[in-house]
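# Observations on chain architecture
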Amino acid sequence: MDILVNNPISHMYGPYFLVFYGIVIVVTGIGCKVILQGNGLDSGAEMPEKPDPYEIAYLRDGEKAVGKVVCLELMQKGFVRVKDKRIERSPQLYNVSSLKPIEKTFFNWLEHSRVASDVKYNFELKKGLSERCEIYKQSLISSGYLNSEQKSYLVGGVSAFIILGLGSYKLISAISRGHYNVMFLIVMAIAGTIWIGYISCPLYSRITTKGKQYLNNLKETFSGLTGNLEVAPTEPDYNSSLLVSIFDLDNFKASGDYQDFVDLFVFKSTYASSYSSNSSSGCSTSISCGSSCSSGSSCGSSCGGGCGGCGGCGG
Amino acid sequence: MNIEQQLGIGIGYREQFKSELFLNKETVDFLEIIGDRYLDSNQYFQEELELLTANFPLIPHFINLSLGSAEGIDTDYLKKLAKLINKINPPWWSEHLCFSKAGGIDIGHLSPLPHTKEAIDIICRNIKQVQSYIDTPLILENITYMVEIPGGEMTEAQFIGEIAEKTNCGLLLDITNLYINSTNHGYDIDQFLSQLPLERVVQLHFVGGYSHDGILIDSHSEATPLEVWQLMEKVVSITNINGVILERDENIPPFTELLKELDRARSILVSS
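Thresholds, definitions, all that
Residues numbered from 1 in each chain as written. Chains lettered and ligands numbered in written order. Predicted model: local features only at pLDDT ≥ 70, side-chain atom pairs only at ≥ 80, totals over all residues. Heavy atoms only, no water. Helix = DSSP H or I, 4+ residues; strand = E, 2+ residues; numbered from the N terminus. Buried < 20%, exposed > 50% of the residue type's maximum accessible area, 1.4 Å probe, protein only. Contact = heavy atoms within 4.5 Å. Areas by Shrake-Rupley, 256 points an atom, 1.4 Å probe, with all protein chains shown as cover. Pairing = 2+ DSSP bridges. Right-handed = clockwise from strand over helix to strand, strands pointing away. Axes fitted to C-alpha atoms, helices over the stretch in contact; angles between N-to-C directions. Parallel < 35°, antiparallel > 145°, perpendicular 65-115°, else oblique. Left-handed = near helix turned anticlockwise from the far one by under 90°. Nonpolar A, V, L, I, M, F, W, Y, C, P; charged D, E, K, R; others polar. Core = buried A, V, L, I, M, F, W, Y, C linked by side-chain atoms within 4.5 Å. Phe/Tyr/Trp six-rings, centres within 6.5 Å; stacked < 30°, edge-to-face > 60°. Lys NZ or Arg CZ within 6 Å of the ring centre and 35° of its normal. Salt bridge = Lys/Arg side-chain N within 4 Å of Asp/Glu carboxyl O.

### Considering the overall build of chain A
When its secondary structure is counted, chain A shows 18 helices and 2 strands. When the 315 residues of chain A are sorted by exposure, 44% land in the buried category. When contacts within chain A are restricted to residue pairs at least 6 apart in sequence, those whose partners lie at least 24 apart make up 73%. Total accessible area on chain A stands at roughly 16200 Å², and carbon and sulfur atoms take up 60% of it.

### Description of the pairing of strand β7 (residues 138-141) of chain B
Residue and element names in this part refer to chain B. Alternating residues of β7 divide into L138 and L140 and I139 and E141, and every residue in both groups is buried. Pairing of β7 with strand β8 (residues 170-174) involves 3 bridges; the strand directions are parallel. Bridge assignment links L140 to a residue of β8, and that residue is L171. Read as a crossover between parallel neighbours, the route from β7 over helix α5 (residues 156-167) to β8 is right-handed.

### Observations regarding the packing of helix α4 (residues 53-76) of chain A against helix α12 (residues 209-221) of chain A
Residue and element names in this part refer to chain A. One can describe the packing of α4 onto α12 by two numbers: an axis separation of 11 Å at closest approach and a directional angle of 125°. Comparing the axis directions of α4 and α12 gives the class oblique. For the element pair α4 and α12, the recorded crossing hand is left-handed. Between α4 and α12, the contacting residues are I56, L59 and R60 on the first element and G211, Y214, L215 and L218 on the second. Counted by class, the contact of α4 with α12 contains 5 nonpolar, 1 polar and 1 charged residues.

### Description of the nonpolar core
Ranked by size, the top nonpolar core spans 134 residues in total, and within it I11(B), L173(B), L204(B) and M232(B) carry the most contacts. Among the elements that line this core, the one with the most residues is α4(A), at 13 residues. Setting aside anything within four residues of it in sequence, one finds M232(B) in contact with I175(B), L204(B), F206(B), V244(B), A265(B) and I268(B). Within the second largest apolar cluster, 14 residues are counted, among which are Y21(A), C32(A), L36(A) and L185(A).

### As for the packing of aromatic side chains
Scanning all chains against the criterion turns up 15 aromatic pairs over all chains. Measuring from ring centre to ring centre gives 4.4 Å for Y145(A) and Y214(A), while their planes differ by 5°; the resulting arrangement is stacked. Of the two residues, Y145(A) sits in the loop between α8 (134-142) and α9 (149-176) while Y214(A) sits in helix α12, which places them 69 residues apart along the sequence. Accessibility classification places Y145(A) together with Y214(A) in one group, the buried group. Summarising the aromatic geometry, the rings of F62(B) and W93(B) are spaced 5.7 Å apart at their centres and angled 85° between planes, so their arrangement reads as edge-to-face. Of this pair, F62(B) sits in the loop between β3 (58-61) and α3 (75-88) while W93(B) sits in strand β4 (residues 93-96), placing them 31 residues apart in sequence. Of the two residues, F62(B) and W93(B), both sit in the buried class. In textbook terms, an aromatic cluster arises when at least three aromatic residues are bridged by ring pairs, as seen for F17(A), F20(A) and Y21(A). Positioned above the aromatic ring of F17(A) is the side chain of K170(A), whose terminal nitrogen or guanidinium carbon lies 5.1 Å from the ring centre. The lysine or arginine in question, R206(A), covers the ring of Y58(A), its NZ or CZ lying 5.3 Å from the ring centre.

### With respect to the pattern of salt bridges
All names here are of chain A. This structure, assessed with the given rule, holds 19 salt bridges over all chains. In this structure, D248 engages K68 in a salt bridge whose closest nitrogen and oxygen atoms are separated by 2.9 Å. Here D248, found in the loop between α13 (238-247) and α14 (256-266), pairs with K68, found in helix α4; they are 180 residues apart in sequence, far enough to count as distant. Under the relative-accessibility criterion, D248 is labelled buried at 15%. The salt bridge partner of R81 is E88, with a shortest N-O separation of 2.6 Å. When its relative accessible area of 27% is taken as the criterion, R81 is described as partly exposed. Via salt bridges that share partners, R60, K68 and D248 belong to a single interconnected network.

Treat this as a map of the structure, not an account of what it does.
What follows is the structure in structure tokens.
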């Protein structure tokens, strides 16, 4: 037991301990971030044969994004329509058995007409989609693109325990020796714990670095794709679903029934879009522009054609 | 030179069809990339290269090494090229049998060499220098030419064959170029093939060009013509081919059209 009372830490001179404690907090925070976000060495560049729009949407923005893609799929299949700024079932006979489970969940929830914000925020729908998205979640976690909440809490908890434990020990040790100038120690312990809480918060640490890189690669790869959102919905168009899952709807060009669908969801983000456009991006509303600008070097892409020049000169 | 790896049917990567390419990944066995595009450390291109490397077997194809330059090889370019090839680690890589630099000036064109012993000595010297930097097998591509340089001492096929034998290089037989040259210069394709060391042919290029005033132009802009398909059938029936590349650069059609050409090439390769 003597080691608990007499050891280098308990005897360390106050200012020196604060420096040491600061280093422990920083190292613990970096360790926590690396464990949750990954080291960035694995770039997530490998693409699946046919990316699943629901899985990509779930990775990008959870159930909210999945809801939009499901709604679009159901529109394309003729189960759902947009009328008077509300989403409702189409007036026709349904073969619900042809739907995927996640689509059935959405369709069943749509017993009454709904507004767009319901798709994003309705608790009942979110709960239903969450259950159906479990398969995507597990797949994304095993691929290293997502962190589970349990992992975030565990890593955050252990990190906070290290910081608070060391701080508390020194605090008790100092007070037991009659030193009461412990304000800096308390402030550092609280600040360090808040910082760890921020780093490990599931909302902040949900997508790993590899997952973010994967989303960027998807944006780069499919920026040239054109969705079929300018004709009346008749049958599912994979490209459209994939584009919505990757890019959301903010910059989507559409017409007819699809335009109603797009308007329904982008209405509230109009201010945000215009603000973003005015402030930095300078992009038009074209989806391909929005995506290529994210690379930071879209101008470079024009060289692709130039390389083919060998064709014209004998190659 | 012994290359075992069979890559199958692929396409020359062009950014214009990147999205469709990834959506049809399973139908493209490998990609040929223009290596010059990735020589510098431009972040956008390096990320693109990383993406392509993670998803397809890659063969780098270069256009500006200028193997036929009498003044020798640009060593700065060669060092960058060697670094890129080491990074990709392909089963082989390719360049053209031509010169594109003279007197320190990049002439921006794949220009033909005279079919002479002297030209062979120069190009062999240059290739030996390249091989001292890069262990990966080099394969050499035949080009098209509008004018045959006077003073030739041998046929084009003999010229190509002797260089390949002396340097132990493989050949990238561009069957479209062969068809165009044979038409424009009036020589016999069968005779050309009989003079070529066919066992050294590793890869084929094919695509379509257009005709202007009776002259065929290698524009890489049209669907593959029937004559080139027939030539492909002939070549794959008499020698083993490790990979075939559709090399479309201009006037790029919907990707489904390109896939049809790849399917046709695959059926020819499989039936050989």
